[in-house]
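The lines below spell out each chain.
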Amino acid sequence: MRALILSLALALPAPALAQTAPCGGDFAAFLDGVRAEAVAAGIDPQAAQSFVAGLRPDPAVLRADRGQGIFQAPFIEFSRRLISQDRLDRGRRKAEEWDAVFDRIQTELGIAPGVLLAFWAFETDYGAVQGEFNTANALATLAHDCRRPGLFRPQLLAAMQLHARGEFDPATTRGAWAGEIGMVQMLPRDILEHGTDGDGDGQVQLKTSVPDALMSGAAMLSSLGWRPREPWLQEVVLPADLDLRLTGLEVTRSVAEWERLGVSARQGALDDGRLEASVILPQGRGGPAFLAYPNFRVFFDWNQSFTYVLTAAYFATRLEGAPVYDAGSPQPGLDGAQMKALQQRLQARGHDVGEVDGILGAGTRAAVRAVQADLGLPVDGWPTPALLLAL
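Sequence order as written defines residue numbering, which begins from 1 separately in each chain. Totals for whole chains, interfaces and linings use all residues, but because this is a predicted model, local features are given only for residues with pLDDT of at least 70 and pairs of side-chain atoms are given and counted only at 80 or more. Processing note: side-chain calculations cover all non-hydrogen atoms of the structure and skip hydrogens and water entirely.

Caption draft 1: A look at the overall build of the chain. The secondary structure listing takes helices from DSSP runs of H or I that are at least 4 residues long and strands from runs of E that are at least 2 residues long, numbered from the N terminus. Of regular secondary structure, the chain possesses 18 helices and seven strands. Radius of gyration means the value over C-alpha atoms here, while the globule rule gives 2.2 Å times the residue count to the 0.38 power. Computed over C-alpha atoms, the radius of gyration of the chain comes to 22 Å, within 12% of the 21 Å expected from 2.2 N^0.38 for 391 residues, which places it in the range of a compact globule. Once the C-alpha set of the chain is aligned to its principal axes, its extents read approximately 70 × 50 × 35 Å. With a 1.4 Å probe rolled over the protein chains alone, any residue whose accessible area is under 20% of its type maximum counts as buried; one over 50% counts as exposed, and the rest are partly exposed. The proportion of buried residues among the 391 residues of the chain is 53%. The criterion used for residue contact is that any of the two residues' heavy atoms lie within 4.5 Å. Taking as baseline every contact in the chain between residues at least 6 positions apart, the subset at least 24 positions apart corresponds to 71%. In this description, accessible areas are obtained by the Shrake-Rupley approach with a 1.4 Å probe, and a residue is regarded as covered only by the protein chains that are shown. With an accessible surface of roughly 16100 Å², the chain has 51% of that area assigned to carbon and sulfur atoms. Positive and negative side-chain charges in the chain, numbering 35 and 46 respectively, have mean positions lying 5 Å apart. This count recognises Lys and Arg as positive and Asp and Glu as negative, with His and chain-terminal groups excluded. Charge coordinates come from a single atom per side chain, which is NZ of Lys, CZ of Arg, CG of Asp or CD of Glu.

This is the structure:
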């Protein structure tokens, strides 16, 4: 699921990063360009040639890239689909089984076990389903495709660098359709930068070594700005008179200020009053409510889908002992076709919603909040059939 991803620098010399990445056209000519760029960046010419020699485009990768309809589901439906009692129980057993690794991560990096367990669960079902796509072909296919070459060409070059170091076999390495590898699904560039030998055997084996996978994932989260020993998400109860214009990730207040406004924790107490946080309402004022702390935003560097990020962050809190959220009674939302129609109407009014894809992402939520304010409606960021009709 990390295909919507990720921050993208590449551990290659700066001139390679600055080079414009062409796409499309004859696949063989495209590979010649990739090989030449790799050699110019310092990769051994023989290694570069052996890497590209057997590459083939994979139509199944493009079909998978175009078919991410699961992200159109609203939070309640999506989270219930991904979180089962069995997955929760297995996560807790994994926490006990690998207690020493999680203790090390918590001591050294300040990342709670639930966070890594959530990614491990959602990405590969705790390592059971790591993907059967040829990774080199997948990356080459997506880099050649002109939809997102700036994302995938650097990852293809990173895989070539791993190959030159003897750490990537283009013929046998397999993983997810978007080029991620291992139990927590890391892209080649992330492996170059954050791959960690967690079990001390002198190798980084993300597909077979749980300590390597967990330590590498933790190192990446830390590099993305994870704030040690701080919370990430907490379910809250809102007062009836809260100004909904204060909700949404665009607005932050100190926890102490939220408390003064009447926001309270559904279980226990809110965290340190000095922390900044945002109130988020994934399905509007009638649904569940959460306080999102600074660490919540780090999840978006792992995956850019709001629904996925919130579900992963919430599941991490469940693994740490939080109760099932109060689903409330949210107003009916929009189906995929209606969401696309809404996005088109928002675009026509001058709002930047990104791609018209039927997914309620951050851009669409911000635009919905803006038109709700314009129309004098409650500004909760949740699009309904009534809002679509009003536009």
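Caption draft 2: Representation of unusual backbone geometry. In this structure, Q185 takes a positive phi of about 55° despite not being glycine. Its location among the elements puts Q185 in the loop between strand 2 (174-175) and helix 11 (188-194). Of note, R229 is a non-glycine position whose phi angle comes to about 55°, a positive value. Residue placement: R229 occurs in the loop between helix 12 (210-223) and strand 3 (233-237). For R229, a relative accessible area of 57% corresponds to the exposed category.

Caption draft 3: Quick peek at the sheet that holds strand 4 (residues 253-254). Strand order in the open sheet formed by five strands is 4-6-7-3-5, with antiparallel pairing between adjacent strands. The open sheet has two edge strands with one neighbour each: strand 4 and strand 5 (264-265). One requirement defines pairing of two strands: DSSP has to find at least two bridges between them. In the sheet, strand 3 pairs with strand 7 (residues 290-292) via three bridges, with the strands oriented antiparallel. Its bridge partner being in strand 7, Q234 is matched across the sheet by L291. Strands in contact with helix 15 (residues 306-319) are strand 3, strand 6 (276-280) and strand 7; relative to strand 3, the strand with the most contacts, it is inclined by about 90°. In this description, a line fitted to the C-alpha atoms serves as the axis of each element, helices being fitted only across the stretch in contact, and the angle between N-to-C directions of two axes falls anywhere from 0 to 180 degrees.

Caption draft 4: Summary view of the packing of aromatic side chains. Each pair of aromatic rings taken from Phe, Tyr and Trp, with Trp reduced to its six-membered ring, is defined by centres within 6.5 Å and is described as stacked if the planes are under 30 degrees apart, edge-to-face if over 60, and tilted in the remaining cases. Evaluated as defined, the whole model comprises 18 aromatic pairs. Ring geometry for F75 versus Y325: centroids 5.1 Å apart, planes at 40°, classification tilted. One end of the pair, F75, is in helix 5 (residues 75-82); the other, Y325, is in the loop between helix 15 and helix 16 (336-348), with 250 residues separating them in the sequence. With respect to class, F75 is no different from Y325; both count as buried. Taking the centre distance of 5.6 Å and the plane angle of 85° together, the rings of F296 and F300 count as edge-to-face. Of the residues examined, F300 reaches a relative accessible area of 17% and is grouped as buried. The rings of F119, W226, W232, F296, F299, F300, W302 and F306 are connected pair by pair, giving a single aromatic cluster.

Caption draft 5: Structural detail: the packing of helix 9 (residues 135-144) against helix 10 (residues 149-164). Helix 10 packs onto helix 9 with a crossing angle of 145° between their chain directions and a minimal axis gap of 8 Å. Of the two possible hands of crossing, helix 9 and helix 10 adopt the one that is left-handed. Residue-level inspection shows A136, L139, A140, L142 and A143 of helix 9 in contact with helix 10, the latter providing P149, F152, R153, Q155, L156 and A159. Each residue gets one label: Ala, Val, Leu, Ile, Met, Phe, Trp, Tyr, Cys and Pro are nonpolar, Asp, Glu, Lys and Arg are charged, and the others, such as Gly, are polar. Looking at the contact of helix 9 with helix 10 residue by residue, the class counts come to nine nonpolar, one polar and one charged. By convention the crossing between two helices is left-handed if the near helix lies anticlockwise of the far one by an angle smaller than a right angle, and right-handed if it lies clockwise.

Caption draft 6: A look at helix 10. By this rule, a helix spans an expected 1.5 Å times one less than how many residues it contains. The first and last C-alpha atoms of helix 10 sit 22 Å apart over 16 residues, in line with the 22 Å expected at 1.5 Å per residue. Here helix 10 lies mainly inside the structure; 14 of its 16 residues are buried. Count one or two residues on from helix 10 and you reach G166, which has phi positive near 80°.

Caption draft 7: Highlighting the state of the cysteines. Note on disulfides: each one is a pair of cysteine sulfur atoms within 2.5 Å. Considering all chains together, one arrives at one disulfide under this definition. Through a disulfide, C23 is tied to C146; the S-S separation comes to 2.1 Å. Here the S-S torsion is close to 110°, and the disulfide linking C23 with C146 is therefore right-handed. Of this pair, C23 sits in the loop between helix 1 (14-18) and helix 2 (27-40) while C146 sits in the loop between helix 9 and helix 10, and the two are 123 residues apart along the sequence. Among the residues examined, C23 registers a relative accessible area of 29% and is labelled partly exposed.

Caption draft 8: Up close: helix 8 (residues 113-124). Given a rise of 1.5 Å per residue, twelve residues ought to cover 16 Å, and the 17 Å separating the end C-alpha atoms of helix 8 matches this to within 8%. Along helix 8, twelve of the twelve residues are buried, which leaves the element largely enclosed by surrounding structure. Here helix 8 has its buried residues at P113, G114, V115, L116, L117, A118, F119, W120, A121, F122, E123 and T124. Contacts made by the buried residues of helix 8 are with helix 5, helix 6 (85-97), helix 7 (99-109), helix 12 and helix 15. Where helix 8 ends, the next residue or the one after it, D125, has phi of about 50°, a positive value.

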